[in-house]
Amino acid sequence: MNDKQIGGDHYQMPIQPIEFIVKNDIPYREANVIKYTVRHKNKNGKEDILKAIHYLEMILGDYE
């Protein structure tokens, strides 16, 4: 199933971010941090970094 891609290109990495996320049972917000951080250079640049920061701020809020 992981060899199927709908739209766009796979990230050029030894392991796809979704494989890492699923195999490690990473929660939604943390998974988005990984996704946006990994893809920023090849997709949306600064916007993806800002999205990752937003998710990190949500996670940080759990500690307050």
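Residues numbered from 1 in each chain as written. Predicted model: local features only at pLDDT ≥ 70, side-chain atom pairs only at ≥ 80, totals over all residues. Heavy atoms only, no water.

Student: Which parts of the structure should I look at to understand the side chain of Asn32?
Tutor: Among the secondary structure elements, Asn32 is positioned in helix 2 (residues 28-39). A polar contact of 3.4 Å, which involves the side chain of Asn32, links it to the side chain of Tyr55. (Helix = DSSP H or I, 4+ residues; strand = E, 2+ residues; numbered from the N terminus. Polar contact = N/O pair within 3.5 Å; in protein donor to acceptor, adjacent residues only side chain to side chain.)

Student: Would you mind showing me how to read helix 3 (residues 46-61) here?
Tutor: Given 3.6 residues per turn, any residue in an α-helix points the same way as the ones three and four places further on. Compared with an ideal rise of 1.5 Å per residue, which puts 16 residues at 22 Å, helix 3 spans 22 Å between its outermost C-alpha atoms and is within 8% of the ideal. Burial in helix 3 covers these residues: Asp48, Ala52, Tyr55 and Ile59. Burial along helix 3 is one-sided: seen end-on, the buried residues are contained in an arc of 60°. Looking at the buried side of helix 3, the elements it contacts are helix 2. (Expected span 1.5 Å × (residues − 1). Buried < 20%, exposed > 50% of the residue type's maximum accessible area, 1.4 Å probe, protein only. Arc of directions from axis to C-beta. Contact = heavy atoms within 4.5 Å.)

Student: What is the right way to read the packing of aromatic side chains from this model?
Tutor: In this description, a pair of aromatic rings is defined by centroid distance and the angle of the planes. Under the defined criterion, the tally for this structure stands at two aromatic pairs. With centroids separated by 6.2 Å and ring planes inclined at 75°, the aromatic side chains of Tyr28 and Tyr55 adopt a geometry described as edge-to-face. Of the two residues, Tyr28 is situated in helix 2 and Tyr55 in helix 3; the sequence distance between them amounts to 27 residues. Judged by its relative accessible area of 61%, Tyr28 is exposed. By relative accessible area, Tyr55 is classed as buried at 15%. With a centroid separation of 6.1 Å and an interplanar angle of 20°, the aromatic rings of Tyr36 and Tyr55 are classed as stacked. Placement of the pair is Tyr36 in helix 2 and Tyr55 in helix 3, with a sequence separation of 19 residues. The exposure classification of Tyr36 matches that of Tyr55, with both residues buried. Members of the aromatic cluster, joined through ring pairs, are Tyr28, Tyr36 and Tyr55. (Phe/Tyr/Trp six-rings, centres within 6.5 Å; stacked < 30°, edge-to-face > 60°.)

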